Amino acid sequence: MRPANSHGKTKYIFVTGGVLSSLGKGLAAAAIGALLESRGLSVTFQKLDPYINVDPGTMNPFQHGEVYVTDDGAETDLDLGHYERYTTAVMAQKNNYTSGRIYHAVITKERRGEYLGGTVQVIPHVTDEIKAAIRELEGDADVAIVEIGGTIGDIESLPFLEAIRQFRIDVGRQNSLFIHVTLVPYIKTAGEVKTKPTQHSVKELRAIGIQPDILLCRTEVPLSKELKAKIALFCNVGTDEVITAQDVKNIYEVPLRFHEEGLDDKILELLNIWTGAPRLQPWQELVYKITHPAKKTVIAIIGKYVDLKESYKSLHEALVHGGVANDAAVELRYVSAEDLEEKDAGALLAGCDGILVPGGFGTRGVRGKINAITYARTQKIPFFGICLGMQLAVVEFARNVAGMADANSTEFDRATTHPVIYLMKEWFDYRTNQVQTRDEMSDMGGTLRLGAYPCVLEAETFAHRAYGCDRIEERHRHRFEFNAGFRKPLEEAGLVISGTSPDGDLVEIVEVADHPWFLGCQFHPEFKSKPMRPHPLFRDFIAAALAFRAAHDHGAADDAT
Ligand code: GLN
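In this report, we go over the structure that sits alongside the text. Since we're looking at a predicted model, the values are computed, not measured.

1. Description of the environment of Glu285
Tracing the sequence through the fold places Glu285 in helix α11 (residues 281-291). With relative accessibility at 44%, the residue Glu285 sits in the partly exposed group. Between the C-alpha atoms of Glu285 and Gly303, which are 18 residues apart in sequence, the distance is 32 Å.

Quick look at the structure:
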């Protein structure tokens, strides 16, 4: 192993947050990555989360937002989604650590006797484990952007802050940088912005030995030169190291605004890196497209967490990207699945050009989701079912087209005589090259099919037309599967199986042919959509929704305005 104080080729940017949470640290880190990439540097990221859960897989999306899944099957913080969307970096297990995972490693070592009977302490044992985790990024890119979750002042994040303080000494000043994201609130009654919270937050950072190099000040209004000078004076940084991070209408504007503030120049100066000028044209074009759409379409999302946008973050973005690909604004309408159990689907879904049933777990709202699918199928409204949405599309088809009245997923009814979606006892796992087994008793975390799996596509299907190739890889996060025992009767009734695992055992995509666009996929395509590379399924779903809107006059009136 390399001695702790030697330095390889990677330089490190540590991003911390102050004052309060939800300041968009993750987006800021992603935007910094985008700017550095636009200057020809390679970047990677890491998110260090202070909570004790070993990974976010078992956390309620209500509390924590979406669980983002990487190719290698890690269940991670949603910020990794921002990192992948804004850059070409590929995230994996090592790009997200929690306190729980760090402590787990330390305690495992202690149990194995690796500390030779020494007293195991936060400093140095936990901090060394954190530094080793950061070190895993060494050599992966020119610059590694490491975001510390939580807010300065939290007890939980202290070991991480101590570790990055030490890390800087290990790698040297020109190889590391501290960026602090803070809030400069605008007080309406006084008609002015206040710098005190920022001062306090930086004071707290300095008390634990970290002097930030750059302050990213989140604010509603532009910060004047005088104000920047004031913040600089009190926080011990240069005026040009105080960056205005003003609220933007569209999140993809952030890299451009940061550049206007001189952020990338400053970072490169402090890290002593020479590059050419940034190539920001793709970002400018993207923002122009998003802010000047020629068309509009309305998509209904049938959900359980109706107004919790954070839990469908990637889905949201993927729909925006699908809009970009079609020069259209996508208006999302959240429709409560439970409302759809009581009220008329036609009334609740009136005015929608496409219906999307996203992934989910648990029985709540399942009947309503099935009602929405029946409506989409029979009224020939473009339909996109993702994971649970695909499974329910199969259930709906089995019940209402193939005549299997009690068809269900065994997730919801174990006694059904038509378990069209079930727990597969045994299957070949392409990722580990092993036969996997599962049953109802297997423990919660261990039984999900997670990460990227190959899928082969059937010619002349919606899927094949979208992807334009025969073989794809998409990311999964689910336990239940299409039951191949029902494949024949369902196909005979008209269900199209357009994508399967290479051995044909796992059904990955289903379609209804006599329909403008009806597709359900077992995987989560939203995890791989990027603004610069909209996902083909989202692109085609939005295209179908636009065609539906054009053919029905319900949208014509407000489109003209
Ligand atoms: N609950 C379903 C399963 O476990 C679907 C999961 C999902 O939509 N991510 O298979």
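Past the structure itself, the notes keep going.
2. Considering the sheet that holds strand β24 (residues 507-512)
As summarised here, the arrangement of the nine strands in space is β13-β12-β14-β15-β25-β24-β23-β20-β21, forming an open sheet in which the pairing is mixed. Each edge of the sheet is formed by a strand with only one pairing partner; in this case those strands are β13 (328-336) and β21 (471-478). Averaged over all neighbouring strand pairs, the angle between strand axes comes to 25°, with direction disregarded. Summarising the sheet, strand β12 (residues 295-303) and β13 pair through nine bridges and their orientation is parallel. If you follow Gly303 over to β13, its bridge partner there is Ser336. Across the sheet, helix α15 (residues 366-378) lies against β12, β14 (354-357), β15 (383-386), β24 and β25 (518-521), angled at about 145° from β14, the strand it touches most. Docked against the sheet, helix α19 (residues 536-551) engages β12, β13, β14, β15 and β25, running at close to 115° with respect to β12.

3. Focus: helix α10 (residues 263-271)
Restricting attention to buried positions, one finds in α10 the residues Leu263, Asp264, Lys266, Ile267, Leu268 and Leu271. Considering only its buried residues, α10 is in contact with β1 (11-17), α1 (25-38), β7 (176-183), β10 (214-219), β11 (242-246) and α9 (254-260). Asn272 sits one or two positions beyond α10 and adopts a positive phi of about 55°.

4. Describing the packing of helix α7 (residues 196-207) against helix α8 (residues 225-235)
Put simply, α7 and α8 touch, their axes get as near as 9 Å, and they point 25° apart. Taken together, the axis directions place α7 and α8 in an arrangement best described as roughly parallel. Here the hand of the crossing between α7 and α8 comes out right-handed. Counting all contacts with α7, which are made through Thr198, Gln199, Val202 and Arg206, the residues of α8 involved are Lys230, Ile231, Phe234 and Cys235.

5. Quick word on the site of the ligand
Around the ligand sit Gly359, Gly360, Phe361, Cys387, Leu388, Gln391, Glu411, Arg477, His478, Arg479, Phe480 and His524, and that is every residue in its neighbourhood. A distance of 3.0 Å is found between an oxygen atom of the ligand and a backbone nitrogen or oxygen belonging to Leu388. Measuring from an oxygen atom of the ligand, one finds a backbone N or O atom of Arg479 at 3.0 Å. Burial of the ligand by the protein chains amounts to 99% of its free accessible area of 300 Å². Listing elements by their share of the shell around the ligand, those giving two or more residues are α16 (388-400) and β21. Of the residues that constitute the shell around the ligand, the class distribution is four nonpolar, five polar and three charged.

6. Section: the pairing of β21
Burial of β21 is extensive: six of the eight residues sit out of reach of the surface. In the sheet, strand β20 (residues 449-457) pairs with β21 via eight bridges, with the strands oriented antiparallel. Bridge assignment links Ala452 to a residue of β21, and that residue is Arg475.

7. Topic: the environment of Lys369
Locating Lys369 in the fold gives a position in helix α15. Distance in space between the C-alpha atoms of Lys369 and Ser22 is 31 Å, their sequence separation being 347 residues. Excluding residues that lie within four positions of it along the chain, Lys369 makes contacts with Ile302, Ala337, Val357, Leu388 and Leu392.

8. Points about the pattern of salt bridges
All chains considered together, the criterion is met by 38 salt bridges. Residue Asp240 pairs with Lys266 through a salt bridge whose shortest N-O separation is 3.0 Å. Placement of Asp240 in the loop between α8 and β11 and of Lys266 in helix α10 is noted, with a sequence separation of 26 residues between them. Overall, the relative accessible area of 47% leaves Asp240 in the partly exposed class. As a salt-bridge pair, Arg449 and Glu481 come within 2.8 Å of each other at their nearest N and O atoms.

9. Let's talk about the state of the cysteines
A covalent bond between the sulfur atoms of two cysteines is what we call a disulfide. Evaluated as defined, the whole model comprises zero disulfides. Residue Cys352 stays outside any disulfide, its sulfur separated by 20 Å from that of Cys521, the closest cysteine.

10. Observations concerning α7
Each α-helix winds once per 3.6 residues, and so residues spaced three or four apart point in a common direction. For α7, with 12 residues, the first-to-last C-alpha span of 16 Å sits near the 16 Å given by 1.5 Å per residue. Buried within α7 are the following residues: Thr198, Gln199, Ser201, Val202 and Leu205. Projected onto a plane normal to the axis of α7, the buried residues spread over an arc of 165° and lie on a single side. Of the residues in α7, the exposed ones pointing more than 90 degrees away from the buried face are Lys196, Lys203 and Ala207. Packing partners of the buried residues in α7 comprise β1, β7, β10 and α8.

11. Remarks on the side chain of Asn326
On the secondary structure map, Asn326 appears in the loop between α12 (313-325) and β13. Asn326 sits in the buried class, given a relative accessible area of 13%. At 2.9 Å, the side chain of Asn326 and the backbone oxygen of Arg539 are in polar contact. Those residues in contact with Asn326, other than ones at most four positions away along the chain, are Lys295, Arg539, Ile542, Ala543 and Leu546.

12. A few points about the nonpolar core
Core analysis: the largest hydrophobic core is formed by 49 residues, its most contacted members being Ile13, Ile32, Leu36, Ile145, Leu216, Phe258 and Ile267. Per-element tally for this core: the top contributor is α1, with nine residues. Here Phe258 is in contact with Ala28, Ala31, Ile32, Leu35, Leu216, Ala245, Leu263 and Asp264, once residues within four sequence places are set aside.

About the cut-offs
Residues numbered from 1 in each chain as written. Predicted model: local features only at pLDDT ≥ 70, side-chain atom pairs only at ≥ 80, totals over all residues. Heavy atoms only, no water. Helix = DSSP H or I, 4+ residues; strand = E, 2+ residues; numbered from the N terminus. Buried < 20%, exposed > 50% of the residue type's maximum accessible area, 1.4 Å probe, protein only. Pairing = 2+ DSSP bridges. Axes fitted to C-alpha atoms, helices over the stretch in contact; angles between N-to-C directions. Contact = heavy atoms within 4.5 Å. Parallel < 35°, antiparallel > 145°, perpendicular 65-115°, else oblique. Left-handed = near helix turned anticlockwise from the far one by under 90°. Near = heavy atom within 4 Å. Polar contact = N/O pair within 3.5 Å; in protein donor to acceptor, adjacent residues only side chain to side chain. Areas by Shrake-Rupley, 256 points an atom, 1.4 Å probe, with all protein chains shown as cover. Nonpolar A, V, L, I, M, F, W, Y, C, P; charged D, E, K, R; others polar. Salt bridge = Lys/Arg side-chain N within 4 Å of Asp/Glu carboxyl O. Disulfide = S-S within 2.5 Å. Expected span 1.5 Å × (residues − 1). Arc of directions from axis to C-beta. Core = buried A, V, L, I, M, F, W, Y, C linked by side-chain atoms within 4.5 Å.

In short, the description is geometric, and any link to function would need to be established separately.
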